[in-house]
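# Coordinate analysis (summary)
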Amino acid sequence: MYKNIECLSDIKNRLQLECLDEDLLLQALTHSSYIYENRQNGIENNQRLEFMGDAVLDLAVSVFLFRKYPDSDEGELTKLRAAFVCEPSLARTAKRLKLGFCLRMGKGEERSGGRERPSILADAFEALLGAIYLDQGLAKASEMTLKFLDPLIKDVLEGRLGSDYKTELQEIVQQLGSEQVQYTIIREEGPDHNKIFTAGVIYKGELAGTGSGRSKKEAEQQAAKAALRKQF
């Protein structure tokens, strides 16, 4: 039995997800460290749902921006989208939705501050979107995505939220010419529930910076930060 079973009802009511399948919601709230420590058959972590939610998020935000800014070019739309889908923005949204409080996670992860860790919160938010998509379809998932992100969208569009390192690096590169930056995961270390990723950012065929983090997105942000300090 989920010890915070009241969280399921709370989240469903608070976020107006009364019809969402509870098994999917529970999976969305299950961190890999919980599976590692409990070893219970039939329990899945939220990583597959996160994968699905990431695609839903990109599409929902892309369609929203495409329609809202019919005169903006690809570069401008990409810059705006990056501000919404970056890890800090998603973690901020997850905190506002109080997802961290209801996560199932291992005791070790919890003691190390996992309920406040940006990478975990961002992943949980994407997993929630993935659960909504699988249960209620793309239209509903897109609708809820924009509803959850609404305060963030207003802050970004009104200039109250700063750019992330990846966006800042992309802006500088665009000013220098047509060459684009690319990100690659150089290595992964540690068990599945506690991985450390190291990412590299490639510019003009050379490694411009590297960075590490508890998620691929965090590692890419740190790589972009290193490139900004080293190259630009």
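Structure first, text after, so check above.
Calculation rules
Residues numbered from 1 in each chain as written. Predicted model: local features only at pLDDT ≥ 70, side-chain atom pairs only at ≥ 80, totals over all residues. Heavy atoms only, no water. Helix = DSSP H or I, 4+ residues; strand = E, 2+ residues; numbered from the N terminus. Rg over C-alpha atoms; globule rule 2.2 N^0.38 Å. Buried < 20%, exposed > 50% of the residue type's maximum accessible area, 1.4 Å probe, protein only. Contact = heavy atoms within 4.5 Å. Patch = residues over 30% accessible without salt bridge, like charges linked within 9 Å, V, L, I, M, F, W, Y side chains within 5 Å. Areas by Shrake-Rupley, 256 points an atom, 1.4 Å probe, with all protein chains shown as cover. Salt bridge = Lys/Arg side-chain N within 4 Å of Asp/Glu carboxyl O. Phe/Tyr/Trp six-rings, centres within 6.5 Å; stacked < 30°, edge-to-face > 60°. Lys NZ or Arg CZ within 6 Å of the ring centre and 35° of its normal. Expected span 1.5 Å × (residues − 1). Pairing = 2+ DSSP bridges. 1 Å grid on protein atoms, 1.4 Å probe; cavity = no way out; pocket = protein on both sides within 12 Å on 5 of 7 lines; lining within 4 Å. Points joined across faces, edges and corners; volume = space filled by probe spheres on them. Nonpolar A, V, L, I, M, F, W, Y, C, P; charged D, E, K, R; others polar.

With that settled, consider the overall build of the chain. Within the chain one finds 12 helices and 3 strands. The C-alpha atoms of the chain give a radius of gyration of 18 Å, which matches the 17 Å a tight globule of 232 residues would have. Counting only C-alpha atoms and orienting by the principal axes, one finds that the chain spans roughly 55 × 40 × 25 Å. Going through the 232 residues of the chain one by one, you find that 45% of them count as buried.

Another aspect to go through is the side chain of Thr93. Here Thr93 lies in helix 6 (residues 87-96). With relative accessibility at 2%, the residue Thr93 sits in the buried group. Residues contacting Thr93, with those up to four places away along its chain left out, are Phe125, Phe148, Leu149 and Leu152.

Glancing now at a nonpolar patch on the surface. Judged by side-chain polarity, Leu59, Val63 and Leu138 come together as a nonpolar surface patch covering roughly 210 Å² of accessible area. For Leu138, the location among the structural elements is in helix 10 (residues 138-157).

Turning our eyes to something else, we now look at the packing of aromatic side chains. Across all of its chains, the model carries 1 aromatic pair by this definition. Sitting above the plane of the Tyr69 ring, Lys68 keeps its charged end 5.9 Å from the centroid. One Lys or Arg, Lys166, reaches over the ring of Tyr183 and ends 4.6 Å from the middle of that ring.

Attention now moves to helix 9 (residues 118-136). Residue pairs spaced three or four apart in an α-helix point in one direction, given the helix's 3.6 residues per turn. For helix 9, with 19 residues, the first-to-last C-alpha span of 27 Å sits near the 27 Å given by 1.5 Å per residue. Buried residues dominate helix 9, accounting for 14 of its 19 residues. Gly137 sits one or two positions beyond helix 9 and adopts a positive phi of about 95°.

Pairing of strand 2 (residues 196-203) with strand 3 (residues 206-213), which is carried by 7 bridges, proceeds in the antiparallel orientation. From the neighbouring strand, Val201 faces strand 3, where its bridge partner is Gly209. Hairpin geometry of strand 2 and strand 3 is characterised by an intervening segment of 2 residues between the two adjacent antiparallel strands and by a positive phi of about 55° at Lys204.

For the rest of this paragraph, the subject is the environment of Lys154. Mapped onto the elements of the fold, Lys154 is located in helix 10. Residue Lys154 is classed as partly exposed on the basis of its relative accessible area of 44%. It is 37 Å that separates the C-alpha atoms of Lys154 and Glu206, two residues lying 52 residues apart in sequence.

Let us look at the pattern of salt bridges. Applying the stated rule across the entire model yields 13 salt bridges. Across the salt bridge formed by Glu126 and Lys217, the nearest N and O atoms sit 2.4 Å from each other. Pair noted here: Glu126 is in helix 9 and Lys217 is in helix 12 (residues 216-231), with a separation of 91 residues, a long-range link. In this structure Lys217 comes out as partly exposed when scored by relative accessible area, which is 23%. Through salt bridges with shared partners, one network takes in Asp54, Glu126 and Lys217.

With that settled, consider the environment of Leu149. In this fold, Leu149 is placed in helix 10. Residues Leu149 and Val61 lie 88 residues apart in sequence; the distance between their C-alpha atoms is 9.3 Å.

Counted as a void, the largest pocket has a volume near 1,000 Å³. Around the largest pocket, the lining comprises 40 residues; the ones closest to its centre are Asp54, Ser215, Lys216, Lys217 and Glu220. Those elements that place two or more of their residues in the lining of the largest pocket are helix 4 (47-68), helix 5 (74-85), helix 9, helix 11 (165-176), strand 1 (181-189) and helix 12. Tallying contributions element by element places helix 5 first for the lining of the largest pocket, with 6 residues. Here the lining of the largest pocket is built from residues that sort into 7 nonpolar, 14 polar and 19 charged.

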